[in-house]
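# Chains, contacts and geometry: an overview
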Amino acid sequence: MCTPLQVLEEVNSVLKNESVEEIRSYLKKLDLQNRERVLQKAVATYNLIRDTTNIRKEVIQGSCLYASAILNKENVTQRQISKLFNVSESSLNKGYKKIIRIVRSTNPKMLEA
């Protein structure tokens, strides 16, 4: 029999794996040079901030992917990401700014390319 903590850890593990696959599926639709590095940083950022904000999952994922692509010097626009995730550019921009603030305050090394 599992304890409630073990169940919660299992649920979190499943959610993390789902997020990785969701972000990976969106990433495949972009023409990027360094896809795996962008994916790693986007997922790490998503896992760091997903429980600290009430922003919609699609906005968080899109913002994390956008931030990661920018940090890795990929040529990606907010418009491309907003269309991909079906969110407004305004929402994506607000999410991006919020994510950068959270990451700066919790783990500034993540902002390094």
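Residues numbered from 1 in each chain as written. Predicted model: local features only at pLDDT ≥ 70, side-chain atom pairs only at ≥ 80, totals over all residues. Heavy atoms only, no water.

## Side note on the packing of helix H3 (residues 57-71) against helix H4 (residues 78-85)
Geometrically, a packed helix pair is captured by the angle between its two axes and the distance between the axes. For the pair H3 and H4, interaxial distance at closest approach is 10 Å and the crossing angle is 145°. Crossing of H3 over H4 shows right-handed handedness. Contacts between H3 and H4 involve Glu58, Gln61, Gly62, Leu65 and Tyr66 from the first element and Gln78, Ile81 and Phe85 from the second. Of the residues belonging to the contact of H3 with H4, the class tally is 4 nonpolar, 3 polar and 1 charged. (Axes fitted to C-alpha atoms, helices over the stretch in contact; angles between N-to-C directions. Helix = DSSP H or I, 4+ residues; strand = E, 2+ residues; numbered from the N terminus. Left-handed = near helix turned anticlockwise from the far one by under 90°. Contact = heavy atoms within 4.5 Å. Nonpolar A, V, L, I, M, F, W, Y, C, P; charged D, E, K, R; others polar.)

## Some remarks on the packing of helix H2 (residues 35-49) against H3
As a packed pair, H2 and H3 sit with axes 8 Å apart at the nearest point and diverge in direction by 135°. Here H2 is positioned oblique relative to H3, judged by the angle of their axes. Viewed along their axes, H2 and H3 form a crossing whose handedness is right-handed. Two secondary-structure elements touch here, H2 through Arg37, Val38, Lys41, Ala42, Thr45, Tyr46 and Ile49 and H3 through Lys57, Ile60, Gln61, Cys64, Leu65, Ser68, Ala69 and Leu71. Of the residues in the contact of H2 with H3, the class split is 9 nonpolar, 3 polar and 3 charged. (Parallel < 35°, antiparallel > 145°, perpendicular 65-115°, else oblique.)

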